[in-house]
Amino acid sequence: MITINDIINKKNKEKITMLTAYDYQMGKLADESGIDIVLVGDSLGMVVLGYETTLEVTIDNMIYHSKAVKKGLKNSFLLVDMPFLSYNVDIKDSIYNAGQLVTKGFAQGVKIEGGKRTIETVQKIVEMEIPVAGHLGLTPQSVNRMGGFKMQGKLKEDAINMIEDAIALEKAGAFCIVLEGIPENLGKKITESVSIPTIGIGAGRYTDGQVLVNYDMLGFNEKVPKFVKKYTNSKNILGDAIKSYIDEVKNGTFPNDDYKYNVDSDI
Ligand code: KIV
């Protein structure tokens, strides 16, 4: 089983792979495929619950999905997002909510969005022996402040601020930092400025690892951000399978002899 130490030790040696999952089947698939970290992201609000943003996601949503994902994992490290307002409002609540993700959702670590403003929260949760991952750049919980899901760190002063945020997160005890939606040169600079691993999504080639949203990279969603590579086209493949099933039910070719029970006695 992959531990926090294995992840930290990969820096400068081996790229770290992270993928989101929101249920048992997808967790199992990621685990069996050899993913290092399975992230139950609060992207679940948009990806599996159909919300416009991640802001509606609750701590109970995260526990429910995390518990299901954990059932599918044998080897991967389980990282779980703290949803909007479940941290930073009050330190006691933040620790309690992080604890809920560990005790009820079986998280091995929690992820928190934001830089300097989250430092006290990160410190306190780490003091409670819960590993914390930071998340900088295009932080989806800040969608209203950012005015949309937009690339961050374009201006020099913003970039410098983000480097300082990363250093502050490391000092506060974060074990890794997710960098989302930032220029490649900033991803590189941050990666060189901290001794903990950085894991990029739309942050270029030089981060210590990469993360993608599973349904995006599997090709379920037509519209995806520029930084998403679709490795297959599940929407068409699965859609074709469902259409074949409909056709066969309608024309009577399913079920045939192969898919039925027989008994010897007459009814
Ligand atoms: O919620 C999420 O899936 C994430 C990843 C995009 C990093 O935070």
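Everything here concerns the structure above.
Residues numbered from 1 in each chain as written. Predicted model: local features only at pLDDT ≥ 70, side-chain atom pairs only at ≥ 80, totals over all residues. Heavy atoms only, no water.

(A) Quick peek at unusual backbone geometry. In this structure, P255 follows F254 across a cis peptide bond, with omega equal to -5 degrees. Inspection of the secondary structure assignment puts P255 in the segment after α11 (234-251). Of note, the phi angle at F106 is positive, near 60 degrees, even though the residue is not glycine. Within the secondary structure, F106 is located in the loop between α5 (91-103) and β4 (109-113). What makes F106 partly exposed here is its relative accessible area of 40%. In this structure, E129 is a non-glycine residue whose phi angle is positive, near 70 degrees. (Helix = DSSP H or I, 4+ residues; strand = E, 2+ residues; numbered from the N terminus. Buried < 20%, exposed > 50% of the residue type's maximum accessible area, 1.4 Å probe, protein only.)

(B) Inspection of the nonpolar core at higher detail. Formed by 67 residues in total, the largest nonpolar core has its most connected members in L101 and I125. In terms of residues, this core owes the most to one element, helix α8 (residues 156-172), which gives seven residues. Setting aside residues no more than four positions away along its own chain, I125 makes contact with M82, S94, I95, A98, V110, I112, I130 and V132. (Core = buried A, V, L, I, M, F, W, Y, C linked by side-chain atoms within 4.5 Å. Contact = heavy atoms within 4.5 Å.)

(C) Highlighting the packing of α5 against helix α6 (residues 119-127). Packing of α5 against α6 brings their axes to within 10 Å, and their N-to-C directions diverge by 50 degrees. The orientation of α5 with respect to α6, classified from their angle, is oblique. For the pair α5 and α6, the sense of crossing is right-handed. Taken together, the residues of α6 that come into contact with α5 (itself represented by I91, S94, I95 and A98) are E120, T121, K124 and I125. Taken together, the residues of the contact of α5 with α6 sort by class into four nonpolar, two polar and two charged. (Axes fitted to C-alpha atoms, helices over the stretch in contact; angles between N-to-C directions. Parallel < 35°, antiparallel > 145°, perpendicular 65-115°, else oblique. Left-handed = near helix turned anticlockwise from the far one by under 90°. Nonpolar A, V, L, I, M, F, W, Y, C, P; charged D, E, K, R; others polar.)

(D) Quick peek at the site of the ligand. Lining the immediate environment of the ligand, one finds T20, L39, G41, D42, S43, D81, K111, H135, V178, E180 and I201. For the ligand, an oxygen atom lies 3.1 Å from a polar atom in the side chain of D42. Contacts to the ligand include D81, whose side-chain N or O atom sits 3.0 Å from an oxygen atom. Taken together, the residues of the shell around the ligand break down into three nonpolar, four polar and four charged. (Near = heavy atom within 4 Å. Polar contact = N/O pair within 3.5 Å; in protein donor to acceptor, adjacent residues only side chain to side chain.)

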